[in-house]
Amino acid sequence: MQPERPSVATHAGTVAPGYLEIESGVEGDRDPGGSHGFTVPTELKIGLAPSAQLSVFLPVQSATGVPLGIGDFAAGIKWRLVDGVGPLQRFAILPTIKAPTGGDRGTNTTDVGLLLIDSRTMGPASLDLNAGITRRGGDGSTAPRTSTFWSASGALPLGGSFGWQLECFGYPGTSGVAGNAPNVAVLTGPTFSVSRTLALDAGVIVPITGAQPRALYAGLVANFGRLLPER
């Protein structure tokens, strides 16, 4: 498996060529103002090459006053450019495109994004550093035309099949009619590997600054083996 959840960040690893892996879970959010949200974030990952992976994002979500339904569809290709023991160790890029399929469950904009991913190991621990930018269509009245993102995520084995995830992530402030103040939050919780093809996770997201919601999450990662025939 190549689990990307539960962290907001992702790593430079990719699913083996021809293999299918699915990540999904549930997340309940509560905003500082008392409104709430519920999300089922699902990602389908298909290995295209030893260093390339197709990622398809299919969220289902609801919010205060918005019934449960399909959110904005997105897809991208993660491409690992460096895979060695140099200063970067493992470095990848993930360009994405998002369509406004969710109506009020999304931003009503077509977006393009680029995520830079640096992954490294330090003894038994792993560290993933992400930096990303999103450019949206529209006039900026429903969502900022440009937004950025950063994260630093660490994972540490605890013994046996248990591990622990700790991540700090943030969204710098944006400008315009729909601009937002910067926010920073921490995600943390245990992980458990049931087998070589199934992993579970659960935890909390706690805001540090800004309007980031408090959240509880739980989910799984399952590898379904080879989907495409071997060449």
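Look above for the structure.
These remarks concern the structure in this document. Note that the structure is a prediction, hence the values are computed from the model and not measured.

## Remarks on unusual backbone geometry
Here the bond from Arg5 into Pro6 is cis, since omega is 10°, no more than 30 degrees from zero. Checked against the element boundaries, Pro6 lands in the segment before β1 (19–30). A positive phi angle, near 60°, is found at Gln89, a position not held by glycine. Inspection of the secondary structure assignment puts Gln89 in the loop between β7 (73–83) and β8 (90–99).

## What about the nonpolar core?
In this structure, Ala12, Ala92, Leu94, Leu115, Ile117, Phe149, Phe169, Ala185, Leu187, Ile205, Ala215 and Tyr217 together form the largest nonpolar core, which totals 12 residues. At the level of secondary structure, the elements contributing two or more residues to this core comprise β8, β9 (111–122), β13 (183–195) and β15 (214–226). Contacts of Leu115, omitting those with residues within four sequence positions, involve Thr10, Ala92, Ile93, Leu94, Asn130, Ala131, Gly132 and Phe149.

## Points about the layout of surface pockets
Of the volumes computed, that of the second largest pocket is approximately 780 Å³. Along its surface, the second largest pocket is lined by 40 residues, and Pro3, Ser126, Ala155, Gln165 and Thr191 are the ones closest to its centre. At the level of secondary structure, the elements contributing two or more residues to the lining of the second largest pocket comprise β9, β10 (125–136), β11 (146–159), β12 (162–171), β13 and β14 (198–209). Here the lining of the second largest pocket gets 5 residues from one element, more than from any other, and that element is β11. Considering only residue class, the lining of the second largest pocket consists of 16 nonpolar, 17 polar and 7 charged.

## Examining the pattern of salt bridges
The full count for this structure, using the stated rule, is 10 salt bridges. Asp111 is paired through a salt bridge with Arg136; the nearest N and O atoms lie 3.5 Å apart. Here the residue Asp111 occupies a position in strand β9, and Arg136 occupies one in strand β10, the gap between them amounting to 25 residues. Note on accessibility: Asp111 and Arg136 belong to one class, buried.

## Describing the packing of aromatic side chains
Pairs of aromatic rings are described using the distance from one ring centre to the other and the angle between the two planes. Tallied over the entire structure, the rule returns 3 aromatic pairs. On the basis of an interplanar angle of 45° and a centroid distance of 4.7 Å, the ring pair of Phe162 and Phe192 is categorised as tilted. Of this pair, Phe162 sits in strand β12 while Phe192 sits in strand β13, placing them 30 residues apart in sequence. For Phe192, a relative accessible area of 30% corresponds to the partly exposed category. With a centroid separation of 6.3 Å and 85° between ring planes, the pair formed by Phe169 and Tyr171 is classed as edge-to-face. The exposure class assigned to Phe169 is buried, which follows from its relative accessible area of 2%. Taken together through their ring pairs, the aromatic side chains of Phe149, Phe169 and Tyr171 make up a single cluster.

Conventions and cut-offs
- Residues numbered from 1 in each chain as written.
- Predicted model: local features only at pLDDT ≥ 70, side-chain atom pairs only at ≥ 80, totals over all residues.
- Heavy atoms only, no water.
- Helix = DSSP H or I, 4+ residues; strand = E, 2+ residues; numbered from the N terminus.
- Core = buried A, V, L, I, M, F, W, Y, C linked by side-chain atoms within 4.5 Å.
- Buried < 20%, exposed > 50% of the residue type's maximum accessible area, 1.4 Å probe, protein only.
- Contact = heavy atoms within 4.5 Å.
- 1 Å grid on protein atoms, 1.4 Å probe; cavity = no way out; pocket = protein on both sides within 12 Å on 5 of 7 lines; lining within 4 Å.
- Points joined across faces, edges and corners; volume = space filled by probe spheres on them.
- Nonpolar A, V, L, I, M, F, W, Y, C, P; charged D, E, K, R; others polar.
- Salt bridge = Lys/Arg side-chain N within 4 Å of Asp/Glu carboxyl O.
- Phe/Tyr/Trp six-rings, centres within 6.5 Å; stacked < 30°, edge-to-face > 60°.

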